[in-house]
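Structural overview for review
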Amino acid sequence: MSMNIKDILNKMTIEEKIGQLLQLIPSFYKEASEGEITGPLKAAKLDEKILWNTGSVLGIANAEDMIEIQKKYMENNRHKIPLIFMADVIHGYRTIFPVPLGLSCSWNISLVKKTAEIAAKEAALSGVQVTFSPMVDLVRDPRWGRVMESTGEDTYLNSLFAKAMVEGYQGNLNEECNIAACVKHFAAYGAPEGGREYNTVDISNRNLRENHLPAYKAGVDAGAEMVMTSFNIIDGVPSTCNSKLLRDILRSEWGFDGVVISDWTSVDELINHGVAEDGREAAKKAMEAGVDIEMMSINYVNNLKSLIEDGEISEKLIDDAVLRILSLKNKLGLFENPFRSSSIKESEETCCCEEHLKIAREAAGSSMVLLKNDGVLPLNKERKIALIGPFADEKNILGPWSIYGKPEETVSVLEGFLEKLPKERIIRVKGCDVASQDTSLFKDAIAAAEKADVIVLALGEEESMSGEAGSRADIRLPGVQEKLIHTLSKLNKPMVIVMFNGRPLEITGWYQEASAILEAWFPGTEGGHAVADILFGDRNPSGRLSMSFPYSVGQVPVYYNHFNTGRPYVKGENSRYSSKYLDIPNEPLYPFGYGLGYSEFEYSDLELSSEYMSKGESIRAFLMLKNIGEMEGIETVQLYLRDVAADVARPVKELKAFKQIRLKAGEEKRVEFEIDEEMLKYHDLQGNFKAQKGKFILSVGGDSSKVLWKSFKLI
Ligand code: GLC
């Protein structure tokens, strides 16, 4: 950071200052660099002058484009202020890792941090300086398409991943193979009513504080340089003009001094929300709330100058925003080197290099969750396999936010299988499409299955069925895939089902017909290798669900850390008057924290160092964990707490710690946790974050439903 950015600011005209608050896509420059200004620039009624005063570019394609645009820009910008290039590098740049919902099922914080480091290096070499990641929205509704981009339903886990990804991307920013992180979408975008994209969010302040805000704060505390506002309203006010959120909480309470960027046209959308009559009022409200960069709409450019001239807003607001943007450019060293790490040669050499693909394979294998296994897995490599389904040989398994990934560089399930056993032992048939109603290929599938010892069905959702604008009300397997399962199960052969999807699905209609079910999510570039590693026993699956699998979409939102209600349903009781459905169970099909492996772990001898914890002190929990299976494996030992009586209703359990323990077959280990007062805190009636004396229940287990428990008292 060498430039005196205040000196630069003092030399800038108001138009040049306002230009820094605008973000455009590269095509505006590509046309400019070809001399003729046409298309969107004309449509946006922007004259060429603004082009050379714009602050940032969104979505650069590669190092070559970045170098070309930056070179042209620096020739035309009066103060030699460089552009900053931002992009959606969500779970990998060219080496694509599992979607974040998959990554979070690894419960492996250091591994996820490593994926962010690799993404940052590939992106930095390819012309990117800021990524619009991590997305840390808490989710409880699998109808919403962007659950694939989240790290699930738990606040504590989300907070750990938010911190890890910010640190992974940013490192210490002045090293050139790091990029600035942008925590999004602030705030609570993951709670739209009905799971319907862009829909109203209407949650209590308590829910916001207890469940949604901590992960954003964790990202900010980790040093994130940018925060993106969400499309939704909070308490009736759109985040993009919500001063309480952006100035009181984000800046004053949390001390965030980085850049706030709107989401795509979310400044414009203040008009649709009904809080601004026109672009002028939208610009005024967003600037007053503290939005520094207006993404992909031009209300700032068209209105801020006249708002200042009319005395409706102070120029200081613009100066503050410009200084934050210049400060970010300065931190990234762009004034010294406007091209930073961009290198066409190094980008090509580094993207998808062996070392990165190795981590991608490890990440994909760690993210997959074995939901069911009657013993058919691991598969014997001597057996004949009918590999059936639309994902049997599909390379589009990168997920809906894998902009820079290349399907042709992706390993399909078939390719993964062919590296494990001779092609004579594999009969590959498509069987059906993902979403059509065509059953004409069923007969080939039946014929293949009849010749095989084992059926492996590779099924799922199109990538476009999740992600942004990807909400689904019916979250079963689409098309005729369920019909294919029912058809093949009539052959009474072992049937392994592997799913490629961006959300927990409703699989209640067929899960009992499957011998085994492996949730692969969208596993990324190395997906086929990772599936084969697990199915043939070269990897012992260790993934654990970070989001509940509903028994029925009618349960949604269904999540583990729910309240007890005044009439909790107790399994087996037959009272009508308790909190339950007449037609389905309360519990999800598979709960948060659940996952199987090829080992089996036995929990025993849970003990506490004391039944009493004094304020400011801590107690310890001990238990024995034994691998009673035949394979070495990793168990994620989860520790939950329940505050039995407080100022307000408290969840029946909350994840407060976990440890990943690797044990050889037959090996036993004593596992220890320290429980301190910080873990007992919540926002009391006055909004103070503190622990209340009284009884707590501590439970430990391999998922949120199977636990050993003890109680203790805070005194
Ligand atoms: C999109 C998304 C946001 C993304 C941005 C830029 O609408 O909501 O997550 O970073 O626009 O592509």
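Residues numbered from 1 in each chain as written. Predicted model: local features only at pLDDT ≥ 70, side-chain atom pairs only at ≥ 80, totals over all residues. Heavy atoms only, no water.

1. Focus on the overall build of the protein chain
Each helix and strand in the protein chain was counted, giving 21 helices and 26 strands. Its C-alpha atoms give the protein chain a radius of gyration of 26 Å, near enough to 27 Å, the size a compact globule of 715 residues would have. Taken along its principal axes, the extent of the C-alpha atoms in the protein chain is 75 × 65 × 45 Å. Burial statistics for the protein chain: of 715 residues in total, 61% are counted as buried. When contacts within the protein chain are restricted to residue pairs at least 6 apart in sequence, long-range pairs at least 24 apart make up 78% of them. Accessible surface for the protein chain amounts to roughly 26600 Å². Of this, 48% is attributable to carbon and sulfur atoms. Averaging the coordinates of the 83 positive side-chain charges in the protein chain and doing the same for the 105 negative ones gives two points 3 Å apart. (Helix = DSSP H or I, 4+ residues; strand = E, 2+ residues; numbered from the N terminus. Rg over C-alpha atoms; globule rule 2.2 N^0.38 Å. Buried < 20%, exposed > 50% of the residue type's maximum accessible area, 1.4 Å probe, protein only. Contact = heavy atoms within 4.5 Å. Areas by Shrake-Rupley, 256 points an atom, 1.4 Å probe, with all protein chains shown as cover. Lys, Arg positive; Asp, Glu negative; His and termini not counted. Charge placed at Lys NZ, Arg CZ, Asp CG, Glu CD.)

2. Some words on the pattern of salt bridges
Applying the stated rule across the entire model yields 55 salt bridges. Glu409 is paired through a salt bridge with Arg94; the nearest N and O atoms lie 2.7 Å apart. With a gap of 315 residues between them, Glu409 in the loop between strand S12 (385-388) and helix H18 (413-418) and Arg94 in the loop between strand S3 (84-87) and helix H7 (100-104) connect regions that are remote in the sequence. A relative accessible area of 28% means that Glu409 is categorised as partly exposed. Here Lys664 ties to Glu632 by a salt bridge, and the two come within 3.9 Å at their closest N and O atoms. In this pair, Lys664 is assigned in the loop between strand S21 (654-663) and strand S22 (668-676) and Glu632 in the loop between strand S19 (618-627) and strand S20 (633-643), connecting sequence segments 32 residues apart. Exposure remark for Lys664: the relative accessible area of 52% places this residue in the exposed category. In the salt-bridge network here, residues are joined through shared partners; they are Asp88, Arg146, Glu149, Lys184 and Glu468. (Salt bridge = Lys/Arg side-chain N within 4 Å of Asp/Glu carboxyl O.)

3. Looking at the domain arrangement of the protein chain
Along its sequence, the protein chain is carved into domain 1 (234-301), domain 2 (362-552) and domain 3 (601-714). In this structure, domain 1 and domain 2 have C-alpha centres spaced 42 Å apart. (Domains from an automatic or database assignment.)

4. Re the packing of helix H17 (residues 354-367) against helix H21 (residues 527-535)
In contact at an axis separation of 8 Å, H17 and H21 are set at 55° when each is read in the N-to-C sense. Relative to H21, the element H17 is oriented oblique. For the pair H17 and H21, the sense of crossing is right-handed. Every residue of H21 that contacts H17 at Arg361, Ala364 and Gly365 is listed here: His529, Ala530, Asp533 and Ile534. (Axes fitted to C-alpha atoms, helices over the stretch in contact; angles between N-to-C directions. Parallel < 35°, antiparallel > 145°, perpendicular 65-115°, else oblique. Left-handed = near helix turned anticlockwise from the far one by under 90°.)

5. Here's the deal with the site of the ligand
Close contacts around the ligand come from Asp88, Phe132, Arg146, Lys184, His185, Met228, Phe231, Asp263, Trp264, Met295 and Glu468, and that covers them all. In the environment of the ligand, an oxygen atom lies 2.6 Å from a nitrogen or oxygen atom belonging to the side chain of Asp263. Coverage of the ligand by the protein amounts to 94% of the 310 Å² it exposes when considered alone. Across the shell around the ligand, the residue classes break down as 5 nonpolar, 1 polar and 5 charged. (Near = heavy atom within 4 Å. Polar contact = N/O pair within 3.5 Å; in protein donor to acceptor, adjacent residues only side chain to side chain. Nonpolar A, V, L, I, M, F, W, Y, C, P; charged D, E, K, R; others polar.)

6. A closer look at unusual backbone geometry
Residues Leu377 and Pro378 are joined by a peptide bond in cis, for which omega reads 0°. Here the bond from Val556 into Pro557 is cis, since omega is 5°, no more than 30 degrees from zero. One can find Pro557 in the loop between H21 and strand S17 (601-608). Although it is not a glycine, Asp235 sits at a positive phi angle of roughly 55°. With respect to the helices and strands, Asp235 occurs in the loop between strand S7 (233-234) and strand S8 (237-238). A positive phi is found at Asp605, a non-glycine position, where the angle reads about 55°. Following the sequence through the fold, Asp605 ends up in strand S17.

7. Details of the side chain of Asn540
By the secondary structure assignment, Asn540 is in the loop between H21 and S17. Within the local environment of Asn540, its side chain forms a polar contact with the backbone nitrogen of Tyr598, the two atoms lying 2.7 Å apart. Once residues lying within four places of it in the same chain are set aside, the contact partners of Asn540 are Gly597, Tyr598, Ser599, Met631, Glu632 and Gly633.

8. Concerning the sheet that holds S19
Spatially, S17-S19-S22 is the arrangement adopted by the 3 strands of the open sheet, whose pairing is antiparallel. Only two strands of the sheet have a single neighbouring strand rather than two, namely S17 and S22. Averaged over all neighbouring strand pairs, the angle between strand axes comes to 25°, with direction disregarded. One ladder, built from 9 bridges, connects S19 with S22; its direction is antiparallel. Its bridge partner lying in S22, Ile619 is registered against Ile675. (Pairing = 2+ DSSP bridges.)

9. Re the sheet that holds strand S5 (residues 180-186)
The parallel open sheet is built from 8 strands, whose spatial order is S9-S6-S5-S4-S3-S2-S1-S10. Pairing within the sheet leaves two strands with one partner each, and these edge strands are strand S9 (259-261) and strand S10 (294-295). Note that strand S6 (residues 226-229) and S9 share 3 bridges and pair parallel. Note that in S9 the partner of Met228 across the bridge is Ile261. Together, strand S4 (130-131) and S5 form the strand contacts of helix H9 (residues 155-170), whose direction differs from that of S5 by roughly 150°.

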